[in-house]
Amino acid sequence: MGARQHFAMWLAAAMAAGLLASPAWAKDTVEAKRDAILHYLQQLPGQKKTLTGVQVNEYEVYIDCTSADRLFAQTGKRTALIGLELMNAIAYPPYPSYLVDRAVTQTMKGGLVTMSWHERNPVEVCQRGEYYECTKKAMSAATLHAVLTNGTPEHKLWLKDVDAMARTLRELRDRGVVVLFRPYHEMNGGWFWWGKQAEFPQLWDALYDELAVRQKLDNLIWVWSPDREAPDAKNFFPIRHKPDIVGTDMYENDPNTPKYALAHANLTAAGGTAPFAITETGLAPGAQVLDQTNPAWVLLWGDMINVNWTWNGDCPMCNKPEQIDTFFKIDRLVNLDGIAPALRQTISAGVTNPHPLHKPNPTCPAKLR
């Protein structure tokens, strides 16, 4: 029996038992999970609650002890959300299998999954096939316009990469996994090929058309996240397909920087009623920041959760252990075990992983003292 059949059976039983608050969720597709998760995220600001999250980067998916595991070893907390990266899913088999494995494992626990996509510049040669540096190959405005023009060689190259990446999203959909999908982030900065482009809104809309409309990937919750306070956020806001969530990527030396409040104001002005999230951050924000900005979640960047784990300890935007301990004691934070049982059942319904590729709950090595 497939994931959809399992989910349909669970939904029928859950409805009969009164576990679900809305009959609109009783659909025989993963779209029902998507609706339930989005509804939950929309309710969090009113409840003054914020989900915890941590990024597990592309080089970590193969190893037993990820940033999420090391964070658990330090705090005893499993985050409600883990972040993953779709870069490498095209050119580096068996990366997609390990990526899916991580996402499925988190979903089976009733947790949430967010994924960014550092897409390589599709019209340039990437010597490594697909790599972070390939996202930094600049693209002219004229070339982006060609990418967005049906039938051009540039458009065909872009579409080839979109289709190749979408195979992973489709597998996740077929296995019952909902993805908080965060493509083309930090678009107001100039370091990625899609950055500071006047036609960025059209690029976002084109990707949405390909994935959500043409390929009918109904397991995606769309997340739009500029860099820092983004005073020019409205210039890059999608035109036809509005994001479900807006968020900021914040890397500053001050965990209580006023840029959080500015980001919340600017992104809320652009995104209207869409929930606000802290979609990436180095230093864990303080309680005052969370109360000011009321984010649906905070995603700590895995490389930066403990300055003592960096190669030389010189990382102003990395956390000291006591900072992480203080962060996880903030009352409003919701970890994995704090998500409502009924929602966790909804998220995990029909999701199985009979042949996991990594060890569950590995013992992470400790630094000798």
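Residues numbered from 1 in each chain as written. Predicted model: local features only at pLDDT ≥ 70, side-chain atom pairs only at ≥ 80, totals over all residues. Heavy atoms only, no water.

1. Some words on the overall build of the protein chain
So, point 1. Looking only at helices and strands, one finds eleven helices and nine strands in the protein chain.
So, point 2. For the protein chain, the C-alpha radius of gyration of 20 Å lies close to 21 Å, the compact-globule estimate for 369 residues.
So, point 3. Along the first, second and third principal axes, the C-alpha set of the protein chain runs to 50 × 50 × 40 Å.
So, point 4. Taken over 369 residues, the protein chain has a buried fraction of 57%. (Helix = DSSP H or I, 4+ residues; strand = E, 2+ residues; numbered from the N terminus. Rg over C-alpha atoms; globule rule 2.2 N^0.38 Å. Buried < 20%, exposed > 50% of the residue type's maximum accessible area, 1.4 Å probe, protein only.)

2. Thoughts on the state of the cysteines
So, point 1. In total, this model carries three disulfides according to the counting rule given.
So, point 2. Paired by a disulfide, Cys 126 and Cys 134 hold their sulfur atoms 1.8 Å apart. In this pair, the class of Cys 126 matches that of Cys 134, namely buried.
So, point 3. Note on cysteine connectivity: Cys 315 is disulfide-linked to Cys 318, with sulfurs 2.0 Å apart. Judged by the sign of its S-S torsion, about 70°, the bond between Cys 315 and Cys 318 is right-handed. (Disulfide = S-S within 2.5 Å.)

3. Digging into helix 2 (residues 31–47)
For an α-helix, the turn length of 3.6 residues means that residues three or four places apart are oriented alike.
So, point 1. The first and last C-alpha atoms of helix 2 sit 24 Å apart over 17 residues, in line with the 24 Å expected at 1.5 Å per residue.
So, point 2. For helix 2, the complete set of buried residues consists of Ala 32, Lys 33, Arg 34, Asp 35, Ala 36, Ile 37, Leu 38, Tyr 40, Leu 41, Leu 44 and Pro 45.
So, point 3. Once helix 2 finishes, Lys 48 follows within two positions and takes phi at roughly 60°, a positive value. (Expected span 1.5 Å × (residues − 1).)

4. Remarks on unusual backbone geometry
So, point 1. Omega for the peptide link from Pro 93 to Pro 94 comes to 10°, which places this bond in the cis form.
So, point 2. Mapped onto the fold, Pro 94 is located in the loop between strand 2 (81–85) and helix 4 (95–108).
So, point 3. In the Ramachandran plot, Glu 186 falls in the positive-phi region, its phi being about 55° despite a non-glycine side chain.
So, point 4. Of note, Glu 186 is situated in the loop between strand 4 (179–183) and helix 7 (200–214).
So, point 5. With relative accessibility at 8%, the residue Glu 186 sits in the buried group.
So, point 6. Of note, the phi angle at Lys 196 is positive, near 55°, even though the residue is not glycine.
So, point 7. Structurally, Lys 196 can be placed in the loop between strand 4 and helix 7.

5. Side note on the environment of Leu 38
So, point 1. Inspection of the secondary structure puts Leu 38 in helix 2.
So, point 2. Separated by 95 residues in the primary sequence, Leu 38 and Glu 133 have C-alpha atoms spaced 33 Å apart.

6. Some remarks on the pairing of strand 5 (residues 220–224)
So, point 1. Within strand 5, five of the five residues are buried, which leaves it mostly tucked inside the rest of the structure.
So, point 2. Of the pairings in the sheet, the one linking strand 4 to strand 5 comprises three bridges and is parallel in character. Directly across from Phe 181, in strand 5, lies its bridge partner Trp 222.
So, point 3. Note on the crossover from strand 4 through helix 7 to strand 5: the handedness is right-handed. (Pairing = 2+ DSSP bridges. Right-handed = clockwise from strand over helix to strand, strands pointing away.)

7. A word on the confidence of the model for the protein chain
So, point 1. Looking at the protein chain, pLDDT values average 92 and 92% of them are 70 or higher.
So, point 2. The low-confidence segment residues 12–27, where pLDDT is below 50, has 23 contacts with residues more than four positions distant or belonging to other chains. (pLDDT = per-residue confidence, 0-100. Contact = heavy atoms within 4.5 Å.)

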